[in-house]
Amino acid sequence: MIKNEQASLSVMRIAIITIITIFMLSVCVLATTGNVKNVKIVLSDNCEIEVLTTKTVVSDILEENHIIVLPEESVVPNLDAEITENSQTIVITGTTQDAYSIVAIAESEENVVLDKLLSAYNTITEKIEEKEEPIPYETVTKDVSHSGESTAHVVTQEGQEGLKKATYKIKYQNDIEIGRTLVKEETIKEPVQKIEQIVNVTNRGTEGGSRTASTVPTPSSKDLASKVKGIEPIVKTMNASAYTASECGKDPSSPGYGKTASGAKATAWYTVAAGKGYPMGTIIYIPYFKDKPNGGWFVVQDRGGSISNNKVDIYMNTYNECITFGRRNLECYIYKVN
């Protein structure tokens, strides 16, 4: 009798343990099938991974898989969103992709297809560009006048722009420039300062707005400078042009070819034609040509049918030089030595 009771108790224990085990396994299976998700994660370098997770929040899923989102990266859906049955793909976009387009697609459609998200990427390209740019010149003003007298500004050195080569790194998206960074600069030509002097004016005439000055720029040509020493010049703005021997209507084989009205042979950077108001031998200093071989000093040796007292025609060697110079208004210092 006792043995039968013990056998019954053993059977009951085995039955209870079996029931409990089956119940727990059922609970685990139900929990597992109800919460575990297969989530696809697309990284910013287009690498894809699939993970099994019971997490539902995007940030938790990424953290669980040791994936760090950089500051310049975006996540679709966002980090606080929950993964649902309709959306089980997480896309991380980097700086070379258009996150806004992907977000728009993700928010406008319930079922976001991975291929459609990837098709919204807009690649950013970078190019190196070199270009030459001008360097502005500075203007320096020197006051050499005496107080209590009338003054005028005189340009003693014309300014010239410099030149530099700039290298830029440019970013384009859809062929549209979205960013530009200066990489380096290289100076090709230094700019030349424009120098002005404030000088005293002692008298003003009426012809062509001419004026006389008591202070003038230091001459560059010693020979002509010595001839005008002590002579007060007329400072006047004149319309300057250029000419050459081939424009004078004479055949190169003619004895008079290249001869001026004064009888002297025309010489580049020396001879100018002026109106009859300026006698032959008048010396003219033009600061614009300060850096030329003559230092800016010329002698009136020629006339011209269209040359008035407000014009000066400068002799040059070639027609191309004349065309390049063109016509311009220049400050002139006129010394009548005769």
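Please refer to the structure higher up on the page.
Given the structure is predicted, the values throughout are model-derived calculations rather than measurements. (Residues numbered from 1 in each chain as written. Predicted model: local features only at pLDDT ≥ 70, side-chain atom pairs only at ≥ 80, totals over all residues. Heavy atoms only, no water.)

(A) Layout of the pattern of salt bridges. Under the definition given, this model contains seven salt bridges. K40 is paired through a salt bridge with E50; the nearest N and O atoms lie 3.9 Å apart. In this pair, K40 sits in strand β1 (residues 37-42) while E50 sits in strand β2 (residues 48-53), placing the two residues ten residues apart along the sequence. When its relative accessible area of 23% is taken as the criterion, K40 is described as partly exposed. Residues E177 and R180 are paired through a salt bridge, measuring 3.0 Å at the closest nitrogen-oxygen approach. By relative accessible area, E177 is classed as partly exposed at 38%. The exposure class of R180 is partly exposed, given its relative accessible area of 38%. (Salt bridge = Lys/Arg side-chain N within 4 Å of Asp/Glu carboxyl O. Helix = DSSP H or I, 4+ residues; strand = E, 2+ residues; numbered from the N terminus. Buried < 20%, exposed > 50% of the residue type's maximum accessible area, 1.4 Å probe, protein only.)

(B) Molecular detail of the side chain of D313. Mapped onto the elements, D313 comes out in strand β16 (residues 311-315). The side chain of D313 is buried and forms no salt bridge, while R327, the nearest opposite charge, is found at 6.3 Å. A polar atom in the side chain of D313 sits 2.7 Å from the side chain of S241. In this structure D313 touches S241, A242, Y243, T271, V272, A273 and I307, once residues within four positions along its chain are discounted. (Lys, Arg positive; Asp, Glu negative; His and termini not counted. Polar contact = N/O pair within 3.5 Å; in protein donor to acceptor, adjacent residues only side chain to side chain. Contact = heavy atoms within 4.5 Å.)

(C) Structural context of the sheet that holds strand β9 (residues 176-189). Pairing within the open sheet is antiparallel, and its three strands lie in the order β5-β8-β9. Where the open sheet ends on each side, the last strands, each with one partner, are β5 (124-135) and β9. Each neighbouring strand pair of the sheet contributes to a mean axis angle of 20°, computed without reference to strand direction. Where β5 lies against strand β8 (residues 162-173), twelve bridges are found, and the strand directions are antiparallel. Within the sheet, the bridge partner assigned to E129 lies in β8 and is Y168. (Pairing = 2+ DSSP bridges. Axes fitted to C-alpha atoms, helices over the stretch in contact; angles between N-to-C directions.)

(D) Structural detail: the pairing of β16. Taking burial as the measure, the five residues of β16 include four buried ones, the bulk of the element. Two strands pair when backbone bridges link them, and strand β13 (residues 271-274) and β16 are joined in this way by three bridges, in the antiparallel orientation. In the sheet register, V272 faces β16, and the bridge partner there is I314.

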